[in-house]
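Now for the letters of each chain:
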Amino acid sequence: MNMLKHKANAQQKKTYRLLIFTTIFLVLLAIPAYFWMQSSTRRAEQFKKSRMSPVIMVPGSSATKERFNTLVKMLNEDTKNKHSLLKLEVKNSGKITYSGKIRRGDREPIIVVGFENNHDGYNNIKKQAKMFDSAFNELSEEYKFNNFKAFGHSNGGLIWTYWLEHYYSDYKEHITIKRLMTVGSPYNFNETSTNNKTQMFSDFVDNRSKIPSNLSVISVIGTETYDSDGLVPEASVQAGKYIYQKQVKHFTTMTVTGEDAEHSDLPQNKQIVNLIEQYIMDYQNGKRNNPQNKPKN
């Protein structure tokens, strides 16, 4: 009888120790989970409260982070409220360097992201989109903006398109891309007819459903000659409609002619500066632009 009682007591102690161990284990698990939830909540609140809405610019092949210096200067000449300029370069090693800064209180700074690998070709565009995503992730964590506008010249528009189809889903719950303007972007590279589909163009069309449907897109075409801007065929820029039209909220194409309509001159073209001010910028001279001026089909 005593032996049975001893065994029962031993089993009871064993159960009691197991219960204590389990309780301690659960408490230890709950502590980091609690702080993670607190941190996650604070982070979400920071994104929600942010008043910053940057314009993020991506240059084309062979161009650097300095590509839009003249464009930004022209934009700032037209407004009393100057836009800050922050420039990033993503190295092939993955390191990201910064120059310039965002002025405290600037609601609409301009951020340029360039790449050490700035070469042409579909494989490089894929690499550049991945490099851009690293930069975008750093920017979003540092500045906690909940919306932004995008601008891409030439292959910069292709990088934006690939990024939207493959990376934007990681951010869409807390960051909204409001508008995208691409200028002279060769969606079908040098092909003059969509009957000849490049692999990139076919992939863009196949993955178009991943592009956010609430986005407004403006595709600008330069025409130095009747059918090209001197480098990119007009038909290749027009091919963007097969990617964006009927997928996004608004898709608009616009043509720029005359002086500075050649491909490399487009970012400094006064007509394009005016289009950016009218369709991309939220604020001019400290006043919010009229929403009615935003693109419509």
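Residues numbered from 1 in each chain as written. Predicted model: local features only at pLDDT ≥ 70, side-chain atom pairs only at ≥ 80, totals over all residues. Heavy atoms only, no water.

J.: How should I be thinking about the packing of helix H4 (residues 155–166) against helix H5 (residues 199–206) in this particular structure?
T.: Between two packed helices, the angle of one axis relative to the other and the distance separating the axes together describe the packing. Taken N-terminus to C-terminus, the directions of H4 and H5 make an angle of 40 degrees; their axes are 10 Å apart at the nearest point. The orientation of H4 with respect to H5, classified from their angle, is oblique. With respect to the hand of their crossing, H4 and H5 are arranged in left-handed fashion. In this structure, H4 uses Leu-158, Thr-161, Tyr-162 and Glu-165 to contact H5, whose residues at the interface are Met-200, Asp-203 and Phe-204. Looking at the contact of H4 with H5 residue by residue, the classes come out as 4 nonpolar, 1 polar and 2 charged. (Axes fitted to C-alpha atoms, helices over the stretch in contact; angles between N-to-C directions. Helix = DSSP H or I, 4+ residues; strand = E, 2+ residues; numbered from the N terminus. Parallel < 35°, antiparallel > 145°, perpendicular 65-115°, else oblique. Left-handed = near helix turned anticlockwise from the far one by under 90°. Contact = heavy atoms within 4.5 Å. Nonpolar A, V, L, I, M, F, W, Y, C, P; charged D, E, K, R; others polar.)

J.: Looking at this model, I keep getting lost on the side chain of Asn-155. Mind explaining?
T.: Structurally, Asn-155 can be placed in helix H4. You can call Asn-155 buried: its relative accessible area is 3%. Among residues more than four places away in sequence, those in contact with Asn-155 are Pro-59, Gly-60, Ser-61, Asp-120, Ile-125 and Pro-186. (Buried < 20%, exposed > 50% of the residue type's maximum accessible area, 1.4 Å probe, protein only.)

J.: Is there a simple way to think about the packing of helix H2 (residues 69–77) against helix H8 (residues 270–280) in this case?
T.: In contact at an axis separation of 10 Å, H2 and H8 are set at 60 degrees when each is read in the N-to-C sense. It follows from the interaxial angle that H2 and H8 lie oblique. The chirality of how H2 crosses H8 is right-handed. In this structure, H2 uses Leu-71, Met-74 and Leu-75 to contact H8, whose residues at the interface are Lys-270, Val-273, Ile-276 and Glu-277.

J.: Teacher, can you tell me more about the nonpolar core here?
T.: Side chains that are nonpolar tend, in soluble globular proteins, to be buried together. Within the largest apolar cluster, 47 residues are counted, with the highest numbers of intra-cluster contacts made by Phe-132, Phe-148, Trp-163 and Tyr-244. It is helix H3 (residues 122–143) that contributes the most residues to this core, 8 residues altogether. With sequence-adjacent residues up to four places away left out, Phe-148 is seen in contact with Ser-53, Pro-54, Ile-56, Phe-136, Trp-160, Trp-163, Ile-175, Thr-176, Ile-177, Lys-178 and Arg-179. Counting residues in each nonpolar core, the second largest holds 24 residues, with Ile-110, Phe-151, Val-183 and Met-254 among its members. (Core = buried A, V, L, I, M, F, W, Y, C linked by side-chain atoms within 4.5 Å.)

J.: When you look at the environment of Asn-207 in this model, what are you seeing that I'm missing?
T.: By the secondary structure assignment, Asn-207 is in the loop between H5 and strand E7 (216–222). Relative accessible area serves as the criterion here: at 18%, Asn-207 is assigned to the buried category. Sequence separation between Asn-207 and Leu-164 is 43 residues, and the spatial gap between their C-alpha atoms is 9.6 Å. In contact with Asn-207, other than residues within four places in its own chain, are Glu-165 and His-166.

Treat this as a map of the structure, not an account of what it does.
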